[in-house]
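Summary of the model geometry
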Amino acid sequence: IQYCQQLAATLSSHDTCFTQTADSLFYMHEGLQHARAPIFDVPSAIEILLSGGYKRLPKCIEDLVIQSTLPEDEQKPTLKKLDTILRSKLLEVVLPKEISEVTISDGIAVLRVDGEFKVFLTLGYRGHLSLWRILHIELLVGEKSGTIKLEETRRYALGDDLERRMAATENPFLILYTVLHELCVALVMDTVLRQVQVLRQCRWKDAIRFELISDGTAAQGANTSALQLAQDGELDSTGLKTPGLKIIYWLDADKNAGGSDFSSRPFLKLEPGKDTQIKCLQNSFV
């Protein structure tokens, strides 16, 4: 019995020693993680030292929004490949018939609608090569003195809104054309309205009169308050329909007749039709 008791005590002592040894090894392993020497990337250091560059940057740098430029010998093949991808993507979508010209060069697709706008696009919206990204928007509407220029902040906001809408639809170019076409129609009508205002302030003051047409009704527009509908060259196409314009002229042809009845006077009517194209109508007065 005493011998068995001695064996049990010896085994208990061994168990305690094993437990203490395992704990000691665990804490020692944690300490070695901090005490080890770093493993230097000697091959990469040699490449940078000899070539002055490093082509195998880790992917995590993309999270830091640090964009690197491709070497000159890789730019042309990359742009050529991007042109091929752009052509294949354009073949997969339906382009509105109003788009008059499409050109692709240097990785950029240029869509043009004569007399309205020109858009520069490429692929890679938010890192997705299947989504379209707008690089620049150029308006082709305006007067003979020059086209209308969008401020950089407004152009950026318009492009960002278009990119989000195009990414969420199966027919992105229909959304692109619809939004920009409505903007151009509003700007054209605003330009005509401003020109009529200038005519009324000059030698045609007593010879013409104009009315704004909204939803089939005409509102008197012989004062400058009508310009408030198109402040800063923009019309809110989401809340208001672009108003039309009715110009009544030859008011001074018979000054002795007097009265304020303009129904018999010749007029020129300009307003967006149901197909969102501007229609010009002149009454038959002969």
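Attention in this report is confined to the structure presented alongside it. Worth saying up front: this structure is predicted, and the values here are computed from it rather than measured.

Some details on the environment of Met-166
As for its placement among the helices and strands, Met-166 is situated in helix 4 (residues 152–167). What makes Met-166 buried here is its relative accessible area of 4%. Between the C-alpha atoms of Met-166 and Leu-176, which are 10 residues apart in sequence, the distance is 7.1 Å. Once residues lying within four places of it in the same chain are set aside, the contact partners of Met-166 are Leu-121, Trp-132, Ile-134, Pro-172 and Leu-176.

Considerations on the pattern of salt bridges
In the structure shown here, the tally under the stated rule is 6 salt bridges. With a closest N to O distance of 3.9 Å, Glu-92 and Lys-89 form a salt bridge. Of the two residues, Glu-92 and Lys-89 both sit in helix 3 (residues 72–92), 3 residues apart, roughly one turn of that helix. Judged by its relative accessible area of 59%, Glu-92 is exposed. For Arg-164, the salt bridge identified is with Asp-161, shortest N-O distance 3.1 Å. Here the residue Arg-164 and the residue Asp-161 both occupy positions in helix 4, the gap between them amounting to 3 residues, near one helical turn. Exposure remark for Asp-161: the relative accessible area of 22% places this residue in the partly exposed category. The structure contains a network of salt bridges with shared partners spanning Asp-160, Asp-161, Arg-164 and Arg-165.

What to know about the side chain of His-181
You can see His-181 is positioned in helix 5 (residues 172–201). Taking the relative accessible area as the measure of exposure, His-181 reaches 2% and is therefore buried. Each residue touching His-181, except ones within four places of it in the same chain, is listed here: Glu-116, Phe-117, Thr-276 and Gln-277.

Scoring rules and cut-offs
- Residues numbered from 1 in each chain as written.
- Predicted model: local features only at pLDDT ≥ 70, side-chain atom pairs only at ≥ 80, totals over all residues.
- Heavy atoms only, no water.
- Helix = DSSP H or I, 4+ residues; strand = E, 2+ residues; numbered from the N terminus.
- Buried < 20%, exposed > 50% of the residue type's maximum accessible area, 1.4 Å probe, protein only.
- Contact = heavy atoms within 4.5 Å.
- Salt bridge = Lys/Arg side-chain N within 4 Å of Asp/Glu carboxyl O.

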